[in-house]
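An overview of the molecular structure
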Amino acid sequence: MSKQELLLLDCGVSPFCGRVRIALAEKGVEYESKEENVLGGKSELLLSSNPVYKKVPVLLHNGKPLCESSIIVQYIDEAWPSPPLLPTSPYERAQARFWGDFIEKKLFDGGSKIWKSKGEEIEVAKKEFIETLKQLEGTLGDKDFFGGENFGFVDILLIPLTTWFYAYEKFGDFKVEEECPKFSTWVKRCNQRENVVKALPEPEMVYEVVLMLRKMHGVE
Amino acid sequence: MADEIVLLSTWPSMFSMRVRVALAEKGLEYEYREEDLWNKSPLLLKMNPVHKKIPVLIHNGKPICESMIIVEYIDEVWNHKSPLLPTDPYQRAEARFWADYVDKKLYDIGKKIIWSTKGEEQETGKKEFIECLKLLERELGDNPYFGGENFGFVDVSLVTFSCWFHTYESYGNFSIETECPKLIAWTKRCLEKESVSSSLADPHKIHDFASGMRKRFGIE
């Protein structure tokens, strides 16, 4: 088989890009990465590869673009079937997709409200965010991973978002470990995996980015 | 053992209709239960505790939620006929992308047209809505369906909005056929399919429903 060309239009602090980096690492697939300046000036390649949203990540496989991180992760799972990221049974796959969708709808925007808000709004945002984490804790139960015994699709979608939690904790004045200890344990378990650690930025670095975003949004 | 399939639904919901189309495409019998969203049944609250929304598919007692996740589940379980997703991973990713685009954009933008009083918000909603439909029309191209030669996943995600078109047009004061003739030709083509025509609500009944809701919310 000829060498396959994989190019990831990437951004270090983006948790959405982090998902794709982890998925590719799990499959042992080599790829090239091109860091995009998402705030300063998006490349022509990005704009032409993702004309609908103009966002990262975009994975170009032999020149053909794939957009939307959750969809890219599913593509990676189907194009390189081993090891599987989604369960085999249709019902469990539907549950995995459901929780992936839940995470998509709630977590990043919910967390953003904490650092974008002022005054009393911060408390409201914080409560909603913790509620979301508790719901995720509920579905995790006593399992090692959301995928069960094995690190999988939901774990991959969720773990990069946790690099932004330090920033939320600073601005919301709370600790995830105190509010949701089981969730914290899962985060630590994931962070023992080499593919996760190598793919994700330090939370302190993300915090610096959030500080900059707050200025841009006129929050401080 | 025969499959027991129950669909928790409301008749005007374009999301519920997607599931009905998929079930009809697969030739499946099921029990239809109409929910009153002002007085949700204990079964709905038990089967979808996270979002408390319809549609919910209950297959042999186990719930699946979120309309396109349900459609994908149906496609995987009953894979004996009428495949809705293609087999090629890249084409599957493209199908998921466009169904996700319909999900992200159309309902929320359409709401601005129907549920706001005349003014800037409604005008903006109308412009954005037409832009979305034009983009989808370009994506359709000269194919009979979004799935290519065959009716598929993206067609299911979008066609159920067509019975709401008359309502959008009426409150937004515009003609979708004038703006997007190819798309309207596509809806007519889809309506020739029994699975679609038997699943979609009557556009005039939808309009009466919307009118009733607007009065209830004091918009009319």
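Let us look at the structure shown here. All chains use their own residue numbering, which begins from 1 and follows the written sequence. Chain letters and ligand numbers both follow the written order, the letters beginning at A and the numbers at 1. Only residues with pLDDT of 70 or above have their local features reported here, since the model is predicted, and side-chain atom pairs are shown and tallied only from 80 upward, although totals for entire chains, interfaces and linings are computed over all residues. Just so you know, side-chain values use all the structure's heavy atoms and leave hydrogens and water out.

1. A closer look at the interface of chain A and chain B
Any pair of residues with heavy atoms lying within 4.5 Å of one another is described as a contacting pair. Contacts between the two partners involve 24 residues from chain A, matched on the other side by 25 residues from chain B. Across the pair Arg93 of chain A and Glu76 of chain B runs a salt bridge whose closest N-O atoms are separated by 2.9 Å. Two N or O atoms count as a polar contact when they lie within 3.5 Å, although within protein this holds only if one can serve as hydrogen donor and the other as acceptor, and sequence-adjacent residues are included solely when both atoms are side-chain atoms. Where chain A meets chain B, there are eleven residue pairs in polar contact (both at pLDDT 80 or more). By the criteria applied, helices consist of DSSP H or I runs no shorter than four residues and strands consist of E runs no shorter than two, each listed in order from the N terminus. When contributions to the side of chain A that touches chain B are tallied by element, the ones reaching two or more residues are β4 (64-67), α3 (69-79) and α4 (90-116) of chain A. Among the elements that line the side of chain A that touches chain B, the one with the most residues is α4 of chain A, at eleven residues. For the side of chain A that touches chain B, the residue count by class is 14 nonpolar, three polar and seven charged. Counted as salt bridges are all cases of a side-chain nitrogen of Lys or Arg within 4 Å of a carboxyl oxygen of Asp or Glu. Any residue that is not Ala, Val, Leu, Ile, Met, Phe, Trp, Tyr, Cys, Pro, Asp, Glu, Lys or Arg is counted as polar, Gly included; the first ten are nonpolar and the last four charged.

2. Here's the deal with the sheet that holds β4 of chain A
Two strands in a sheet stick together by hydrogen bonds in their backbones, pointing the same way (parallel) or opposite ways (antiparallel). All names here are of chain A. Strand pairing is assigned whenever DSSP identifies at least 2 bridges connecting the two strands. The strand order β2-β1-β3-β4 describes an open sheet built from four strands, whose pairing is mixed. Both edges of this open sheet fall to β2 (32-35) and β4, since each of them pairs with a single strand only. Strand-to-strand twist of the sheet, defined as the mean angle between neighbouring strand axes without regard to direction, takes the value 20°. Strand direction decides the pairing type here: strand β3 (residues 58-61) and β4, joined by four bridges, are antiparallel. From the neighbouring strand, Leu60 faces β4, where its bridge partner is Pro65. An axis is simply a line fitted to the C-alpha atoms; with a helix, the fit covers only the stretch in contact. Between two such axes, the angle follows the N-to-C directions and lies from 0 to 180 degrees. In this fold helix α1 (residues 15-26) packs onto β1 (6-10) and β3, with an angle of close to 155° to the strand it touches most, β1. Against the sheet, α3 contacts β3 and β4, and its axis sits at roughly 125° relative to β4.

3. Focus on the packing of α4 of chain A against helix α3 (residues 67-77) of chain B
One way to put it is that α4 of chain A packs onto α3 of chain B with a least axis distance of 10 Å and a crossing angle of 160°. Comparing their axes, α3 of chain B and α4 of chain A come out roughly antiparallel. Judged by the twist between their axes, the crossing of α4 of chain A over α3 of chain B is right-handed. Counting all contacts with α4 of chain A, which are made through Pro90, Tyr91, Arg93, Ala94, Arg97, Phe98 and Asp101 of chain A, the residues of α3 of chain B involved are Ile69, Glu72, Tyr73, Glu76 and Val77 of chain B. A breakdown of the residues in the contact of α4 of chain A with α3 of chain B according to their chemical character gives seven nonpolar, no polar and five charged. In these notes the angle categories are as follows: under 35 degrees is roughly parallel, over 145 is roughly antiparallel, 65 to 115 is roughly perpendicular, and the rest is oblique. With the far helix as reference, a near helix turned anticlockwise by less than a right angle produces a left-handed crossing, and one turned clockwise produces a right-handed crossing.

4. With respect to α3 of chain A
Note on exposure labels: buried denotes an accessible area under 20% of the residue type's maximum, exposed denotes more than 50%, and partly exposed covers the range between, all computed with a 1.4 Å probe on protein chains only. Of all eleven residues in α3 of chain A, nine are buried; the element is thus mostly enclosed. For α3 of chain A, the set of buried residues is Ser69, Ser70, Ile71, Ile72, Val73, Gln74, Tyr75, Ile76 and Asp77 of chain A.

5. Structural notes on helix α9 (residues 181-190) of chain A
Among all positions of α9 of chain A, only Phe183, Ser184, Trp186, Val187 and Cys190 of chain A are buried. The arc enclosing the buried residues of α9 of chain A, seen along the axis, measures out at 160°, which places them on a common side. What the arc describes is the spread of directions from the helix axis to the C-beta atoms.

6. Notes on the pairing of β3 of chain A
All names here are of chain A. Of the two faces of β3, the one holding Val58 and Leu60 and the one holding Leu59 and His61 are both buried throughout. Pairing between β1 and β3: four bridges, direction antiparallel. Along β3, the bridge assignment pairs Leu7 with Leu60. Adjacent in sequence and paired antiparallel, β3 and β4 are bridged by two residues, among which Asn62 carries a positive phi angle near 50°.

7. A word on the packing of aromatic side chains
Stacked, edge-to-face and tilted labels apply to pairs of Phe, Tyr and Trp rings (six-membered ring for Trp) whose centres lie within 6.5 Å, assigned for plane angles under 30 degrees, over 60, and everything in between, in that order. If you walk through the whole model with that rule in mind, you get 32 aromatic pairs over all chains. With a centroid separation of 5.1 Å and 85° between ring planes, the pair formed by Phe129 of chain A and Phe165 of chain A is classed as edge-to-face. Residue Phe129 of chain A is found in helix α5 (residues 120-140), and its partner Phe165 of chain A is found in helix α7 (residues 165-172); the two are separated by 36 residues along the sequence. Both residues of the pair, Phe129 of chain A and Phe165 of chain A, belong to the buried class. Aromatic pair Phe15 of chain B and Phe161 of chain B: ring centres 6.1 Å apart, planes at 85°, arrangement edge-to-face. Here Phe161 of chain B lies in the loop between α6 (153-159) and α7 (165-172) and Phe15 of chain B lies in helix α1 (residues 14-25), a separation of 146 residues in the sequence.

8. Observations regarding the nonpolar core
By convention a nonpolar core is built from buried Ala, Val, Leu, Ile, Met, Phe, Trp, Tyr and Cys residues, the set being connected through side-chain atoms within 4.5 Å. Membership of the largest hydrophobic core comes to 150 residues, with the highest contact counts inside it found for Leu136, Phe183 and Trp186 of chain A together with Leu57, Phe129 and Tyr168 of chain B. When residues of this core are assigned to their parent elements, the largest contribution, twelve residues, is made by helix α4 (residues 89-115) of chain B. Other than its neighbours up to four places away in sequence, Trp186 of chain A contacts Leu140, Asp144, Phe145, Phe146, Asp155, Leu158, Ile159 and Thr162 of chain A.

9. Digging into unusual backbone geometry
Omega for the peptide link from Val56 of chain A to Pro57 of chain A comes to 0°, which places this bond in the cis form. You can see Pro57 of chain A is positioned in the loop between α2 (44-49) and β3. Cis peptide bonds are those with omega within 30 degrees of zero, and the linkage from Ser82 of chain A to Pro83 of chain A qualifies with -10°. Its location among the elements puts Pro83 of chain A in the loop between α3 and α4. In this structure, Glu68 of chain A is a non-glycine residue whose phi angle is positive, near 75°. The residue Glu68 of chain A is located in the loop between β4 and α3 in this model. Even without glycine at this site, Asn173 of chain B takes up a positive phi of about 55°.

10. Thoughts on the pattern of salt bridges
According to the stated counting rule, one finds 31 salt bridges over all chains in the structure shown. Among the ionic pairs, Glu78 of chain A bridges to Arg96 of chain B, the shortest N-O distance being 3.1 Å. With one member in each of two chains, Glu78 of chain A in helix α3 and Arg96 of chain B in helix α4 form a pair that bridges those chains. Under the relative-accessibility criterion, Glu78 of chain A is labelled partly exposed at 21%.

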